[in-house]
Amino acid sequence: MRVTRSTRNTMVFIALAATTALMLTACVRSGGGTDAATLSDEPVTLTFTWWGNDLRTAATNEVIAAFEKENPNITIEGQFSDWVGYWDKLATATAANDTPDIMQMDEKYIATYGERGALLDLNGTGDAIDLSDFPESALATGEIDGGRYGIPTALNSQAIVVNPDLFEQAGVALPDDRDWTWEDFTTLGAQLSAGGGGDSFGVQTWGFEDGSLRTWARQAGDALYTDGEVSIETETVKDWFEYMLAMVDDGVMPPASTVVEKLSAGQAESMTATNRAGMATWWNSQLTALADSSGAPLRIMRVPTPDGGADGSAYYKTSMFWSVSSRTEHPAEAALFLDFLANSETAGDIMLTERGVPANEKIREHIKPKLSPNDVSVVEFLDDLADGIGEVEPVTPAGASAMEGLLSPFTEQVLFGQATPAQAAEGFVAALKSAVAAG
């Protein structure tokens, strides 16, 4: 296959993953457990970093102020960045032995940092962090080889966001999401595209993040990762690309040029947020932001299945974690702050669902009366899935944090006809395996 812009991007992501791994490996000490420490009577300063927008930053600073008011001898110095810049800064700081004491950690990176000793095993903090109101399935997402390297902040799950206004415009009835199939999904998408007259489409194109691929694999009895290795079959990825391409060819999804244009503009300019797609795969926690952008009464529904029945393919994903640096000089104070973030009703009242539906079930119930109608829908959707939820997804292995950067170029190749679904599937799986091997 000739080297295209997409192929070069893939190579860059693999190289970046390998470089980050080397930086971390060379410069961090062991992240094993520590004896539960005693709180200091002296003034203590902790650094705390997170990624996010202005709204998240304002809410987080308010939480910090509330914590400092309760603990006047502890000062929290906040640092924040956008998503891309965050990981560059964190890798550089870690390599320089200057990792912030407390950090917001993502599932894609927790193994990369945890396995290389950059994160504190929170099991060593004793009972300083109360985990009694967290379901075991949520806590397991932050565990690696028996160590606890992250406290889940919130949970979400893959969902289909639908635009009822576009259904009404096309004269199409909303589906019953408890028994719909992928065939139903395609049929509805075609009807919505026909009703959109070229201004809107039935389905927003996927292939630029791993959530929908993981769900597709689970429905096929496959898995993206097993025991820390890439295990997904090339055939599974090929089928996923083929299904997507068929919808593009049939006009159910928009043409490639439209897809890439919208993708580069961000979530607020997505086809869902601009009322140009009747259905799309998103995480359920994204409903509120999408609805605010669109001004439409968007709804969330379950992901279709091959036979229309619940098959255990739905899963809870931790939206992010609270983690502590293995190099912190103040593990007791860091644990106290994590306990405040995870269990305080004050913190819950401030953050609400800004970071997703709280994983702490007690806090989830506490904030529910304070939520907007869209946020209530987000919480109820997650609760409604509980009976049919499947096994926890394996932790993303070290090196696979570049997953989305690897997937996107191959999706573009399929959309622009530069590669067949089979070629793209083979290339993607090979690239992901290389990234994990280098990880």
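For the structure, check the block above.
What counts, and at which threshold
- Residues numbered from 1 in each chain as written.
- Predicted model: local features only at pLDDT ≥ 70, side-chain atom pairs only at ≥ 80, totals over all residues.
- Heavy atoms only, no water.
- Phe/Tyr/Trp six-rings, centres within 6.5 Å; stacked < 30°, edge-to-face > 60°.
- Helix = DSSP H or I, 4+ residues; strand = E, 2+ residues; numbered from the N terminus.
- Buried < 20%, exposed > 50% of the residue type's maximum accessible area, 1.4 Å probe, protein only.
- Expected span 1.5 Å × (residues − 1).
- Contact = heavy atoms within 4.5 Å.
- Core = buried A, V, L, I, M, F, W, Y, C linked by side-chain atoms within 4.5 Å.
- 1 Å grid on protein atoms, 1.4 Å probe; cavity = no way out; pocket = protein on both sides within 12 Å on 5 of 7 lines; lining within 4 Å.
- Points joined across faces, edges and corners; volume = space filled by probe spheres on them.
- Nonpolar A, V, L, I, M, F, W, Y, C, P; charged D, E, K, R; others polar.
- Pairing = 2+ DSSP bridges.
- Right-handed = clockwise from strand over helix to strand, strands pointing away.
- Salt bridge = Lys/Arg side-chain N within 4 Å of Asp/Glu carboxyl O.
- Axes fitted to C-alpha atoms, helices over the stretch in contact; angles between N-to-C directions.

Draft legend 1. Representation of the packing of aromatic side chains. Counting across every chain of the model gives 25 aromatic pairs. Between Trp-182 and Trp-206, the ring centres sit 5.9 Å apart and the planes meet at 70°, which makes this aromatic pair edge-to-face. Remark: Trp-206 occurs in the loop between β8 (201-203) and α8 (211-219) and Trp-182 occurs in helix α7 (residues 182-196); sequence separation between them is 24 residues. Grouping residues by exposure puts Trp-182 and Trp-206 together as buried. In this structure an aromatic cluster arises from ring pairing among Phe-48, Trp-50, Phe-67, Phe-80, Trp-322, Phe-337 and Phe-340.

Draft legend 2. Looking closely at helix α15 (residues 373-384). An ideal rise of 1.5 Å per residue puts 16 Å on twelve residues; α15 measures up with 16 Å between its terminal C-alpha atoms. All buried positions along α15 are accounted for by Asp-375, Val-376, Val-378, Val-379, Phe-381 and Leu-382. The elements touched by buried residues of α15 are β6 (151-156), β7 (158-162), α11 (287-294), β12 (299-301), β14 (357-358) and α14 (361-367).

Draft legend 3. View of the nonpolar core. Of all hydrophobic cores here, the largest spans 56 residues; its most connected members are Phe-48, Ile-76, Ile-151, Phe-337 and Leu-338. Ranked by the residues each element gives to this core, the list is headed by helix α12 (residues 331-343), at seven residues. Excluding anything up to four places from it in sequence, Ile-76 contacts Leu-46, Phe-48, Ile-64, Phe-67, Glu-68 and Phe-337. By size, the runner-up hydrophobic cluster in this structure holds 51 residues, among which are Val-230, Ala-256, Met-279 and Phe-410.

Draft legend 4. Quick peek at empty space enclosed by the protein. All told, the structure shown has four cavities of 30 Å³ or more when counted by the stated rule. Taken as a whole, the largest cavity holds about 180 Å³ of empty space. The set of elements that each furnish at least two residues to the lining of the largest cavity consists of β6, α12 and α13 (345-351). Taken together, the residues that form the lining of the largest cavity break down as twelve nonpolar, five polar and one charged. Computed from the structure, the second largest cavity encloses a volume of approximately 110 Å³. Contributing to the lining of the second largest cavity are 14 residues, with Glu-107, Arg-214, Tyr-315, Lys-317 and Glu-393 lying nearest its centre. Listing elements by their share of the lining of the second largest cavity, those giving two or more residues are α4 (107-114) and β13 (317-324). Tallied by class, the residues present in the lining of the second largest cavity amount to six nonpolar, two polar and six charged.

Draft legend 5. Layout of the pairing of β6. Burial analysis of β6 places six of its six residues in the buried class, which makes it a mostly covered element. Note: β6 against β14, two bridges, orientation antiparallel. When the sheet's bridge partners are listed, Leu-155 is paired in β14 with Val-357.

Draft legend 6. View of the pairing of strand β2 (residues 74-81). Sheet topology places strand β1 (residues 44-51) next to β2; eight bridges connect them, and they run parallel. Paired with Thr-47 across the two strands is Glu-77, which belongs to β2. Viewed along the sheet, the connection from β1 through helix α2 (residues 54-70) into β2 turns out right-handed.

Draft legend 7. Focus on the pattern of salt bridges. Evaluation of the coordinates by the stated rule reveals 15 salt bridges. The salt bridge partner of Glu-354 is Arg-56, with a shortest N-O separation of 2.7 Å. Taken together, the residues span a long stretch of sequence, with Glu-354 in the loop between α13 and β14 and Arg-56 in helix α2 at a distance of 298 residues. On the basis of relative accessibility, which here comes to 26%, the residue Glu-354 falls in the partly exposed class. For Arg-56, a relative accessible area of 10% puts it in the buried group. Close ionic contact of Arg-148 with Glu-143 constitutes a salt bridge, the shortest N to O distance being 3.1 Å. Residue Arg-148 is classed as buried on the basis of its relative accessible area of 12%. When its relative accessible area of 31% is taken as the criterion, Glu-143 is described as partly exposed. Shared partners join several salt bridges into a network, and the residues in it are Glu-107, Lys-108, Asp-210, Arg-214, Arg-218, Glu-393 and Glu-404.

Draft legend 8. Looking closely at the sheet that holds β7. Strand order in the open sheet made by the four strands is β8-β11-β7-β12, with mixed pairing throughout. For this open sheet the edge positions go to β8 and β12, each flanked by a neighbour on one side alone. For this sheet the average axis-to-axis angle between neighbouring strands, irrespective of direction, equals 30°. The sheet contact formed by β7 and β12 spans three bridges and is antiparallel. From the neighbouring strand, Val-161 faces β12, where its bridge partner is Ile-300. Strands β7 and β12 of the sheet are contacted by α15, whose axis makes an angle of about 10° with β12.

Draft legend 9. View of the sheet that holds β6. On the basis of which strands lie adjacent, the open sheet formed by six strands has the order β2-β1-β3-β13-β6-β14 and mixed pairing. Every interior strand has two partners, whereas the edge strands, β2 and β14, have only one. In this structure, strand β3 (residues 102-105) lies alongside β13, joined through four bridges in antiparallel fashion. The residue bridging Gln-104 from the neighbouring strand is Trp-322, located in β13. α4 rests against β3 and β13 of the sheet, and its axis sits at about 130° to β3.

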